[in-house]
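What the coordinates show
Here is what each chain is made of, one letter per residue.
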Amino acid sequence: MKRVIQFTGLSGAGKTTLSFAIKRDLTTKGYKVVVLDGDELRKTISVDLGFSEKDRLEHLKRVADLADAIVADFVLIAVINPYEIGRQVFRQQCSAKLIWLRCQIAILKSRDTKGLYRRAFLPEGNPDRLSNLTGINAPFEEPIHADLIVDTGQLKVEQASALIVNFILLNSKKYQ
């Protein structure tokens, strides 16, 4: 039986990094694991979509359809998914567990691997200003029904990965 895990959190919280670390851990245990990364999928199945609420929800529906079609033991979905209604798409369509990767803005700003936070905090009128960064100047609804909350500002990747792998495997046994 395939299990789907969705990771939500702000940009830089570790969704992609942890998904691939978890994939490595589960693969060494003999599981087939597929990672669906929201940024990468926007370059393919959602290249025609922007970042309005309507477009974000359509992107999530496409990702859920793809997750349904994949044959694997685990599908890990790494998307910001800022709206509770979007998270419900995965829960309803894929019976996905929700893991919220929570991290303080100050830590995200210090990581800022893509330069998004720097651009979001530029002054109004600056042509390089990013005006739709989720959690800063675009909405991020804190998850109401997260199955697990991991503070990625407090844990190293290896610690967070081990915690999540343990959670995934314990929950998987309940459904076997």
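Now for a quick tour of the structure. What you see is a predicted model, and the numbers here were worked out from it, not measured in a lab.

A closer look at the packing of helix H3 (residues 53–69) against helix H4 (residues 84–94)
- The contact between H3 and H4 brings their axes to 10 Å, and the two run at 20°. As the angle between them shows, H3 and H4 are arranged roughly parallel. Judged by the twist between their axes, the crossing of H3 over H4 is right-handed. Mapping the contact onto sequence places Leu57, Leu60, Lys61, Val63, Ala64, Asp65, Ala67 and Asp68 in H3 and Ile85, Gly86, Val89, Phe90, Gln93 and Cys94 in H4.
- Along the lines of polarity and charge, the residues of the contact of H3 with H4 split into nine nonpolar, two polar and three charged.

Points about the sheet that holds strand S3 (residues 74–78)
- With parallel pairing, five strands are arranged side by side in an open sheet as S2-S3-S1-S4-S5. Either end of the sheet is taken by a strand with one partner, and the two such strands are strand S2 (33–37) and strand S5 (148–151). Neighbour-to-neighbour, the strand axes of the sheet open up by a mean angle of 20°, direction not taken into account.
- In terms of strand pairing, strand S4 (residues 97–102) meets S5 through four bridges, oriented parallel. By the bridge assignment, tryptophan 100 is partnered in S5 with isoleucine 149.

Section: the packing of aromatic side chains
- Following the criterion strictly, the structure yields one aromatic pair and no others.
- Seen in terms of ring centroids, tyrosine 31 and phenylalanine 74 are 5.1 Å apart; in terms of plane orientation they differ by 75°. Their pairing is edge-to-face. One end of the pair, tyrosine 31, is in the loop between helix H1 (15–28) and S2; the other, phenylalanine 74, is in strand S3, and 43 residues separate them in sequence.
- The ring of phenylalanine 121 carries lysine 109 above its face, with NZ or CZ at 4.2 Å from the centroid.

Describing the nonpolar core
- Ranked by size, the top nonpolar core spans 30 residues in total, and within it Phe7, Ile22, Leu76, Ile99, Leu101, Ile164 and Ile168 carry the most contacts.
- Of all the secondary-structure elements, those providing two or more residues to this core are strand S1 (3–8), H1, S2, S3, S4, helix H6 (116–120), S5 and helix H7 (157–174).
- The greatest single-element share of this core, amounting to six residues, is contributed by H7.
- Ignoring sequence-local partners within four residues, the contact set of leucine 101 consists of Phe7, Thr8, Gly9, Leu10, Ala13, Gly14, Lys15, Leu18, Val150, Thr152 and Ile164.
- Core analysis: the next-biggest nonpolar cluster, separate from the first, contains 17 residues, Leu57, Val63, Ile70 and Val89 among them.

Remarks on H3
- With 17 residues, H3 should reach 24 Å at 1.5 Å per residue; the first-to-last C-alpha distance of 25 Å fits that figure.
- Here H3 has its buried residues at Arg56, Leu57, His59, Leu60, Val63, Ala64 and Ala67. Each buried residue of H3 lies within a common arc of 155° when the element is viewed along its axis, so the set occupies one face. When the buried face of H3 is taken as reference, the exposed residues oriented beyond 90 degrees from it are Lys54 and Ala69.
- Packed against the buried residues of H3 are S2, helix H2 (38–42), S3 and H4.

The rules behind these values
Residues numbered from 1 in each chain as written. Predicted model: local features only at pLDDT ≥ 70, side-chain atom pairs only at ≥ 80, totals over all residues. Heavy atoms only, no water. Axes fitted to C-alpha atoms, helices over the stretch in contact; angles between N-to-C directions. Helix = DSSP H or I, 4+ residues; strand = E, 2+ residues; numbered from the N terminus. Parallel < 35°, antiparallel > 145°, perpendicular 65-115°, else oblique. Left-handed = near helix turned anticlockwise from the far one by under 90°. Contact = heavy atoms within 4.5 Å. Nonpolar A, V, L, I, M, F, W, Y, C, P; charged D, E, K, R; others polar. Pairing = 2+ DSSP bridges. Phe/Tyr/Trp six-rings, centres within 6.5 Å; stacked < 30°, edge-to-face > 60°. Lys NZ or Arg CZ within 6 Å of the ring centre and 35° of its normal. Core = buried A, V, L, I, M, F, W, Y, C linked by side-chain atoms within 4.5 Å. Buried < 20%, exposed > 50% of the residue type's maximum accessible area, 1.4 Å probe, protein only. Expected span 1.5 Å × (residues − 1). Arc of directions from axis to C-beta.

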